[in-house]
Amino acid sequence: MTFRSGRHFLQIPGPTNVPDRVLRAIERPTIDHRGPEFADLGREVLEGMKTVCQTAAPVVIFPCSGTGAWEAALVNTLSPGDRVLMFETGHFGTLWQEMAAALGLQVDFVPGDWRHGVDPAVVEQRLTADSEHTYKAVAVVHNETSTGVTSRVPRVREAMDRSGHPALLLVDTISSLASMDYRHDEWGVDVTVAGSQKGLMLPPGLGFNAVSDKARAAAESARLPRLYWDWQPMLASNARGVFPYTPATNLLYGLRESIDMLLSEGLKNVFARHARHAAATRTAVQAWGLEVLCADPGEHSSSLTGVLLPQGVDADALRALILARFDMSLGAGLGKLKGRVFRIGHLGDFNDLMLLGTLAGVEAGLLAFGVPVAASGVAAATRQLAQPN
Ligand SMILES: Cc1ncc(COP(=O)(O)O)c(C=O)c1O
């Protein structure tokens, strides 16, 4: 690789830019994870994660990526052959469904067009029709990272309540937690699934499950095999601030720092900042004359924007040009969107000028690649960001 001056723009929708404060926090000697000093750290991050998830319930922390936290949610609550209702919101909804099937669950996978979130009316209709209560869980991806489309979790909960169905609600917040408003308790979620490398501004390597009382009760009779992912020994050790096996100690230092940063800014302000950057990004996309992938204005993601390119324009070649010329990484189109879309990540440790730099890189890339651009998206976004908050 040739030397490149200045800072790389990591504008994929996770892993996100890790702030210097977090990097410095991680760069400390690793301590004895069974010693007294560790328990203080453990208690602090376990408590802090409750605040971030907006819950009084325990939050389990695994040394894993988001995929591990997905698996933990399933294997702790379900038994072989259990029926699960899942949704084709995009690539990640599809992968979670594949995992559930591989674990021996019976998945009803509601098809989708990768431009809309979960339809609460479908949830209500499927659960109401299931008078025998054979569905044991409804699993929803809150923010589809492959598309930039969110699902309205409170509306899904209301639909479940109207049907009077006892299924558990499992929610993947891997690319929404600490970027978009998310309330584990108020929204009646049973298992929240999260990861460290997005809104929490950490490197990859931590996975989380917030666990409701109902989910804990389900875990007592759930029969899918589990050992590494078992909540029970985790919760027992966590009560003393420690972990049953070696935790990712240095990432926990980073987590303590990132929670401090998020709470100092205030979660409401964090969410407002992300929403404002997402809105300015959509303004830029519209000015360019391109299409935002999310088809419903009520379902726009605050953490990323999926951009659909005109037929015949290769999104991966455009991204490669932007990386080579402007040193910026953008998200690829995943699964069936490969080559058709690119994704702009605007989450985590981010501010107005970083967003404008990102949009300038995209605009310069579009011009250099010869994509017809109607007007300057950077100018349109700048005007929008110049307005008082
Ligand atoms: C919504 C969502 N779910 C699950 C995953 C899988 O997580 P990981 O790649 O950390 O295992 C991702 C990764 O980006 C994601 O965005």
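Quick caveat, the model's predicted, so the values are computed rather than measured. (Residues numbered from 1 in each chain as written. Predicted model: local features only at pLDDT ≥ 70, side-chain atom pairs only at ≥ 80, totals over all residues. Heavy atoms only, no water.)

Student: Whenever I open this one, unusual backbone geometry confuses me. Can you help?
Tutor: For residues besides glycine, phi is generally negative; the peptide bonds are generally trans as well. Here Gly14 and Pro15 are connected by a cis peptide whose omega angle stands at -5 degrees. Checked against the element boundaries, Pro15 lands in the loop between β1 (9–11) and α1 (20–26). Notably, Ala178 is not glycine yet its phi reads approximately 70 degrees, a positive angle. Residue position: Ala178 is located in the loop between β8 (168–172) and β9 (191–195). Using a relative accessible area of 2% as the deciding quantity, one classes Ala178 as buried. Phi at Met201 takes a positive value of approximately 65 degrees, unusual for a residue other than glycine. Along the chain, Met201 falls in the loop between β9 and β10 (206–211). (Helix = DSSP H or I, 4+ residues; strand = E, 2+ residues; numbered from the N terminus. Buried < 20%, exposed > 50% of the residue type's maximum accessible area, 1.4 Å probe, protein only.)

Student: I would appreciate a short explanation of the sheet that holds strand β13 (residues 328–332) in the present structure.
Tutor: Backbone hydrogen bonds hold the strands of a sheet together, and the pairing may be parallel or antiparallel. Reading across the sheet, the five strands line up as β1-β13-β14-β12-β11 and stay open at both edges, with mixed pairing between neighbours. Since the sheet does not close on itself, it has two edges, and those belong to β1 and β11 (291–292), each with one partner. The sheet contact formed by β13 and strand β14 (residues 341–345) spans two bridges and is antiparallel. Each bridged residue has a counterpart across the sheet, and for Gly331 the counterpart in β14 is Arg343. Together, β11, β12 (304–308) and β14 form the strand contacts of helix α10 (residues 267–288), whose direction differs from that of β12 by roughly 15 degrees. The strands touched by helix α11 (residues 315–326) within the sheet are β13 and β14, with β13 carrying the most contacts at an inclination of about 165 degrees. (Pairing = 2+ DSSP bridges. Contact = heavy atoms within 4.5 Å. Axes fitted to C-alpha atoms, helices over the stretch in contact; angles between N-to-C directions.)

Student: Looking at this structure, how should I read the packing of helix α12 (residues 352–369) against helix α13 (residues 377–386)?
Tutor: For the pair α12 and α13, the least separation of the axes is 9 Å and the interaxial angle reads 165 degrees. Classified by the interaxial angle, the pair formed by α12 and α13 is roughly antiparallel. Like other packed secondary-structure pairs, α12 and α13 cross with a definite hand, here right-handed. Where α12 abuts α13, its residues Asp352, Leu355, Leu356, Leu359, Ala360 and Glu363 lie against Gly377, Val378, Ala381, Thr382 and Leu385. By residue class, the composition of the contact of α12 with α13 is seven nonpolar, two polar and two charged. (Parallel < 35°, antiparallel > 145°, perpendicular 65-115°, else oblique. Left-handed = near helix turned anticlockwise from the far one by under 90°. Nonpolar A, V, L, I, M, F, W, Y, C, P; charged D, E, K, R; others polar.)

Student: How do you make sense of the environment of Ala317 when you look at a structure like this?
Tutor: Tracing the backbone through its elements, the reader meets Ala317 in helix α11. C-alpha of Ala317 to C-alpha of Trp70: the two residues are 247 residues apart in sequence and 32 Å apart in space.

Student: For this particular structure, what's the right way to read the site of the ligand?
Tutor: The ligand sits among Ser65, Gly66, Thr67, Trp70, Phe92, Val141, Asn143, Thr145, Asp172, Ile174, Gln197 and Lys198. In the environment of the ligand, an oxygen atom lies 2.8 Å from a nitrogen or oxygen atom belonging to the backbone of Gly66. At a separation of 2.5 Å, an oxygen atom of the ligand approaches a polar side-chain atom of Thr145. Notes on the ligand: free accessible area 390 Å², of which the protein chains cover 86%. Looking at the shell around the ligand, the element that brings in the most residues is helix α3 (residues 66–77), giving three residues. Counted by class, the shell around the ligand contains four nonpolar, six polar and two charged residues. (Near = heavy atom within 4 Å. Polar contact = N/O pair within 3.5 Å; in protein donor to acceptor, adjacent residues only side chain to side chain. Areas by Shrake-Rupley, 256 points an atom, 1.4 Å probe, with all protein chains shown as cover.)

Student: Help me understand the pattern of salt bridges, please; the structure alone is not making it clear to me.
Tutor: For side chains bearing opposite charge, pairing can occur when the charged atoms are close. Counting across every chain of the model gives 22 salt bridges. Salt-bridge contacts for Arg152 lead to Glu299; the nearest nitrogen and oxygen are separated by 2.9 Å. Here Glu299 lies in the loop between β11 and β12 and Arg152 lies in the loop between β7 (149–150) and α6 (153–163), a separation of 147 residues in the sequence. Judged by relative accessible area, Glu299 falls into the buried class, the value being 2%. (Salt bridge = Lys/Arg side-chain N within 4 Å of Asp/Glu carboxyl O.)

Student: Can you help me understand the nonpolar core in this one?
Tutor: Within soluble globular proteins, side chains that are nonpolar tend to cluster in buried spots. Judged by nonpolar contacts, the single largest core of 90 residues is most densely connected at Met49, Ile61, Trp96, Trp231 and Leu255. Here this core gets eight residues from one element, more than from any other, and that element is helix α2 (residues 36–53). Residues in contact with Leu255, not counting those within four places in the same chain, are Val45, Met49, Ile61, Leu200, Leu202, Leu206 and Phe208. One finds Leu290, Val292, Ile344 and Val371 within the second-largest nonpolar core, a separate group that totals 29 residues. (Core = buried A, V, L, I, M, F, W, Y, C linked by side-chain atoms within 4.5 Å.)

Student: What is the right way to read the environment of Leu318 from this model?
Tutor: Mapped onto the secondary structure, Leu318 falls in helix α11. Take Leu318: its relative accessible area is 1%, and that puts it in the buried class. Through-space distance from the C-alpha of Leu318 to that of Val341 is 9.9 Å; in sequence the pair is 23 residues apart. Not counting residues up to four positions away in its chain, the partners in contact with Leu318 are Leu309, Phe342, Gly365, Leu366 and Phe369.

Student: Would you explain the sheet that holds β9 in this entry?
Tutor: The strand order β2-β10-β9-β8-β5-β3-β4 describes an open sheet built from seven strands, whose pairing is mixed. Of all the strands in the sheet, just β2 (59–63) and β4 (106–110) have a single pairing partner and so form its edges. Between one strand axis and the next, the sheet turns by 20 degrees as a mean value, whatever way the strands run. Across five bridges, the pairing between strand β3 (residues 83–87) and β4 is parallel. Looking across to β4, one finds that Met86 is bridged to Phe109. Sitting on the sheet, α2 touches β2 and β10, and the angle it makes with β2 is about 115 degrees. Relative to β4, helix α4 (residues 91–102) is tilted by about 160 degrees, and along the sheet it contacts β3, β4, β5 (135–141), β8 and β9.

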